[in-house]
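Listed here are the chains, written in short residue letters.
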Amino acid sequence: MQIPDITVPTIAIAGSADRFPVRRIFCVGQNYADHAREMGSDPDRQQPFFFAKPADAVVANGSTLPFPLLTEDLHHEVELVIALGAGGANVPAGDAAALIFGAAVGIDLTRRDLQAVAKKAGRPWDMAKGFDRSAPIAALTPGVPADNGMIALDVDGETRQSGDLSMMIWSVPEIIATLSTYVELAAGDLIFTGTPAGVGPILRGQSVRATIDGFEPLTVTFAR
Ligand code: MN
């Protein structure tokens, strides 16, 4: 058998024909107080915590996706996604903005039924969060994103999630700084920064539209 020829996953850049290469995907859990409460946590006593998805979980804007395997409770989580153009370990929050290449609208798709089993058993979240095509992302807008602006998601035109980036418990610079104490960050890393309240199920055949003020809207549709 021949050695396989593997390509690096990439995401679109707004206003450019160039593509952004994806190295790793990190995600922050429960970074909006209203979502932390809906998941049964106390947002005031949580340090930021992290999980990951494989780089090839990225999905282009406008895709029609097969319904994910092994779930009957697929949830949407609209999130601001940060793309790093540079890295480092133990980065001070005051230096974190200099690492940012750009930002985009993303959806942290979650097999909530598998996550519930994992949580109850004290097991890892990988199979609940890091499955195939679990990270739809619209085109990146280069530059450092604003720390406020409406973030929302609808399913078949019905509003499910609506919040503001200013409701984040941990700011983007604080997330980068804290994550860089766990791993040495690098160019090509993506960071999903958490979701506001209103997460809920997506059914077969439904379309999901996610928006953040100033960014390309993201739409994905699930096959029947
Ligand atoms: Mn999330």
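Residues numbered from 1 in each chain as written. Predicted model: local features only at pLDDT ≥ 70, side-chain atom pairs only at ≥ 80, totals over all residues. Heavy atoms only, no water.

Our next topic: the overall build of the chain. When you go through the chain residue by residue, the secondary structure sums to four helices and 18 strands. Reported as C-alpha extents along the three principal axes, the dimensions of the chain are approximately 50 × 45 × 35 Å. Looking at the chain as a whole, 49% of its 224 residues qualify as buried. Expressed as a percentage of contacts within the chain between residues at least 6 apart in sequence, the contacts between residues at least 24 apart total 76%. Accessible area of the chain: about 10,400 Å², with a carbon and sulfur share of 53%. Here the chain contributes 17 positively and 26 negatively charged side chains, and the mean placements of these two sets differ by 7 Å. (Helix = DSSP H or I, 4+ residues; strand = E, 2+ residues; numbered from the N terminus. Buried < 20%, exposed > 50% of the residue type's maximum accessible area, 1.4 Å probe, protein only. Contact = heavy atoms within 4.5 Å. Areas by Shrake-Rupley, 256 points an atom, 1.4 Å probe, with all protein chains shown as cover. Lys, Arg positive; Asp, Glu negative; His and termini not counted. Charge placed at Lys NZ, Arg CZ, Asp CG, Glu CD.)

Taken as a whole and assessed by the stated rule, the structure comprises five aromatic pairs. Plain terms: the ring middles of phenylalanine 51 and tryptophan 125 are 5.5 Å apart, the flat faces sit at 50° to each other, and that makes the pair tilted. Here phenylalanine 51 is found in strand β4 (residues 49-53), whereas its partner tryptophan 125 is found in the loop between α2 (112-121) and α3 (126-129), with 74 residues between them in sequence. Given the relative accessible area of 19%, tryptophan 125 is considered buried. On the numbers, 6.2 Å between centres and 70° between planes, the contact of phenylalanine 67 with phenylalanine 222 is edge-to-face. (Phe/Tyr/Trp six-rings, centres within 6.5 Å; stacked < 30°, edge-to-face > 60°.)

Relative to the assigned elements, serine 63 resides in the loop between β5 (58-59) and β6 (64-65). A distance of 2.6 Å separates a polar side-chain atom of serine 63 from the backbone oxygen of alanine 60. Ignoring anything within four residues of it in the chain, the contact list for serine 63 reads Thr219, Val220 and Thr221. (Polar contact = N/O pair within 3.5 Å; in protein donor to acceptor, adjacent residues only side chain to side chain.)

On to the sheet that holds strand β16 (residues 200-201). The strand order across the open sheet formed by three strands is β10-β7-β16, and the pairing between neighbours is antiparallel. Each having just a single partner strand, β10 (110-111) and β16 make up the two edges of the open sheet. In this sheet, β10 lies alongside strand β7 (residues 74-76) in antiparallel orientation, the contact comprising two bridges. Residue pairing for β10: histidine 75 is matched across the bridge by threonine 110. (Pairing = 2+ DSSP bridges.)

We now examine the coordination of the manganese ion. Distances from the manganese ion to its protein donors, Glu77 (OE), Glu79 (OE) and Asp108 (OD), fall at 2.0 to 2.2 Å. Read N to C, the donor residues that coordinate the manganese ion are spaced as E-x1-E-x28-D. With glutamate 79 in strand β8 (residues 78-84) and aspartate 108 in the loop between β9 (100-107) and β10, the pair connects residues that are 29 residues apart, well separated along the chain. Overall, aspartate 108 belongs to the buried group, its relative accessible area being 0%. (Donors = N, O, S within 2.8 Å, 3.2 Å for Na, K, Ca; no water.)

Positive phi, normally seen in glycine, also occurs at arginine 133, with a value near 60°. As for its placement among the helices and strands, arginine 133 is situated in the loop between α3 and β11 (135-136). What makes arginine 133 partly exposed here is its relative accessible area of 38%. Notably, aspartate 156 is not glycine yet its phi reads approximately 50°, a positive angle. Locating aspartate 156 in the fold gives a position in the loop between β13 (150-155) and β14 (158-164).

Every buried residue belonging to α2 is among Arg112, Gln115 and Ala118, and all of these are buried. On an axial view of α2, the arc spanned by its buried residues comes to 115°, and they lie on one face. Exposed residues pointing more than 90 degrees away from the buried face of α2 are listed as Val117 and Lys120. Packing partners of the buried residues in α2 comprise β7, β10 and α3. Residue glycine 122 follows α2 closely and has a positive phi angle near 65°. (Arc of directions from axis to C-beta.)

Reading across from one edge, β4-β3-β15-β8-β9-β12 is the order of the six strands in this open sheet, with mixed pairing throughout. At either end of the open sheet lies a strand with only one pairing partner, and these are β4 and β12 (141-142). As paired elements, β8 and strand β15 (residues 189-192) share three bridges and run antiparallel to each other. From the neighbouring strand, isoleucine 82 faces β15, where its bridge partner is isoleucine 191.

So, on to the pairing of β8. Regular strands have side chains that alternate between both faces of the sheet. Of all the seven residues making up β8, seven are buried; the element is thus mostly covered by neighbouring parts of the structure. Every second residue of β8 is oriented toward a common face, with Val78, Leu80, Ile82 and Leu84 on one face and Glu79, Val81 and Ala83 on the other, all of them buried.

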